[in-house]
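Fold and geometry: a report
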Amino acid sequence: MSEIIKKETIDNTAEAENNEGAKTCATDTAEAENSSAVAAYGKFADAQALYSAYLALEAEFTRRSQRLKELESGNKAQSDDAPSRTGETSESAAPLTEEVRRAVIEDYLKTVAAGKGAPILTGGVGCAAPKSAPRSVSEAGRLVRQFLNK
């Protein structure tokens, strides 16, 4: 009989532990749902706040995209009016005035006169010619005669 009581006690204890585990599990699940809801909305309180923030962000993005498009078209128009890099000017660009032309030429001449032009090589070693070794004694004699005649 004591074995039956012990078995019932063990069964009751296990059942009580299972019930407590189920309650703990249910509590953990509820907490997890709450934390996942918080994680799902981030810094927003609920779905409505998140949706209204999204709409505001979408409107701001549209405004910025339109502004960027306006600026890009303005840049393109300005680059079309500017002189090209090769020194050619477009028809809408203002021609160089005589004063500006003279200033540019004067600056160039000062640079040239100051000796800041392109460096000139002086002295040094001549460039090496490819080796041509004579293949026979008669060819060597011919090369020597050419060398002495020059």
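Everything discussed here concerns the structure shown above.
A brief look at the structure comes next. (Residues numbered from 1 in each chain as written. Predicted model: local features only at pLDDT ≥ 70, side-chain atom pairs only at ≥ 80, totals over all residues. Heavy atoms only, no water.)

**A few points about the overall build of the protein**
Scanning the protein for helices and strands turns up 4 helices and 0 strands. If you list the helices and strands of the protein from N to C, you get α-α-α-α. Taking all 150 residues of the protein together, the buried fraction comes to 1%. Of the roughly 14300 Å² of accessible surface on the protein, 58% is carried by carbon and sulfur atoms. (Helix = DSSP H or I, 4+ residues; strand = E, 2+ residues; numbered from the N terminus. Buried < 20%, exposed > 50% of the residue type's maximum accessible area, 1.4 Å probe, protein only. Areas by Shrake-Rupley, 256 points an atom, 1.4 Å probe, with all protein chains shown as cover.)

**Here's the deal with the pattern of salt bridges**
A full pass over the atoms with the stated rule returns 6 salt bridges. Its salt-bridge partner being E60, residue R63 comes within 2.6 Å of it at the nearest N-O pair. Residue R63 and its partner E60 are both found in helix α2 (residues 47-81); the two are separated by 3 residues, about one turn of the helix. On the basis of relative accessibility, which here comes to 48%, the residue R63 falls in the partly exposed class. Each of E60, R63 and R64 takes part in a single network of salt bridges with overlapping partners. (Salt bridge = Lys/Arg side-chain N within 4 Å of Asp/Glu carboxyl O.)

**A short note on a nonpolar patch on the surface**
On the surface, a cluster of nonpolar side chains totalling about 390 Å² of accessible area is made up of I105, Y108, L109 and V112. The exposure class assigned to Y108 is exposed, which follows from its relative accessible area of 54%. (Patch = residues over 30% accessible without salt bridge, like charges linked within 9 Å, V, L, I, M, F, W, Y side chains within 5 Å.)

**Structural notes on the environment of R101**
Checked against the element boundaries, R101 lands in helix α3 (residues 98-113). At 2.5 Å, the side chain of R101 and the side chain of E98 are in polar contact. (Polar contact = N/O pair within 3.5 Å; in protein donor to acceptor, adjacent residues only side chain to side chain.)

**What to know about the environment of T62**
For T62, the location among the structural elements is in helix α2. Looking at T62, the relative accessible area reads 38%, which means it is partly exposed. Side-chain polar atoms of T62 contact the backbone oxygen of E58, separated by 2.9 Å.

Purely geometric numbers; function is a separate question.
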